[in-house]
Amino acid sequence: MEIKLSETKEINIQDILILYKANEWSSANKPNELYNGLLNSETLITAWEGKKLVGLGNAISDGFLTVYYPHLLVLPDYQGKGIGKMIVDKMQEKYSHFHMQMLTADGKSVDFYKKNGFERAGKTEPMWIYQGNEH
């Protein structure tokens, strides 16, 4: 299995929807918003096996101090093979010097992010106004 990372934003909406639906993310129910949101991210890293999209991660940032990582997904059949780590490492190439890197993690992703250097933010509690139902 050869996985290649790309920073191109030339990506097919159908490939994105396959990835999001496979992970049961509710944002797949808003395909146009999802697609435009990803394309308007400061950084979009995609992982490919040949022409098959197997993972992606995006970043929203002020460009200097703070970066937020809203999405990191890998197709279920490809999870546990280091693809998520590859995407996180690529993001770190760009953002490791930032004062604050933030994300929201739940379920089994908490352990993944801890293994990749993230930790609970002091005594903070994540808060949101959310229109999905999978959390």
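Residues numbered from 1 in each chain as written. Predicted model: local features only at pLDDT ≥ 70, side-chain atom pairs only at ≥ 80, totals over all residues. Heavy atoms only, no water.

1. Topic: unusual backbone geometry
Even without being glycine, E24 reaches a positive phi, approximately 55 degrees. In this fold, E24 is placed in the loop between helix 1 (13-22) and helix 2 (31-39). (Helix = DSSP H or I, 4+ residues; strand = E, 2+ residues; numbered from the N terminus.)

2. Focus: helix 1
By the burial criterion, the buried members of helix 1 are I16, L17, L19 and Y20. Seen from one end, helix 1 has its buried residues packed into an arc of 165 degrees, which puts them on one side. Helix 1 presents I18 and K21 as exposed residues on the side facing more than 90 degrees away from its buried surface. Buried-residue contacts for helix 1 involve helix 2, strand 3 (52-61) and strand 5 (72-74). The opening residue of helix 1 is N12, an N-cap whose side-chain oxygen sits 2.5 Å from the backbone nitrogen of Q14. Once helix 1 finishes, E24 follows within two positions and takes phi at roughly 55 degrees, a positive value. (Buried < 20%, exposed > 50% of the residue type's maximum accessible area, 1.4 Å probe, protein only. Arc of directions from axis to C-beta. Contact = heavy atoms within 4.5 Å. Polar contact = N/O pair within 3.5 Å; in protein donor to acceptor, adjacent residues only side chain to side chain.)

3. Remarks on the packing of aromatic side chains
Tallied over the entire structure, the rule returns 7 aromatic pairs. Both rings, one in Y95 and one in F98, keep their centres 5.1 Å apart while their planes meet at 85 degrees; by these two values the pair is edge-to-face. Pair check on accessibility: Y95 and F98 agree, each one buried. Aromatic pair F112 and Y113: ring centres 5.1 Å apart, planes at 75 degrees, arrangement edge-to-face. Classification of F112 as partly exposed rests on a relative accessible area of 26%. Members of the aromatic cluster, connected to one another through ring pairs, are Y69, Y95, F98, F112, Y113 and F118. (Phe/Tyr/Trp six-rings, centres within 6.5 Å; stacked < 30°, edge-to-face > 60°.)

4. Quick word on the UniProt feature "domain: N-acetyltransferase" (unreviewed entry) in the protein chain
UniProt annotation of "domain: N-acetyltransferase" (unreviewed entry) refers to residues 6-135 when read in the numbering used here. From the first C-alpha to the last, residues 6-135 spans 29 Å; its make-up is 30% helix and 22% strand. (UniProt positions renumbered as here; feature names shortened; annotations may be inferred.)

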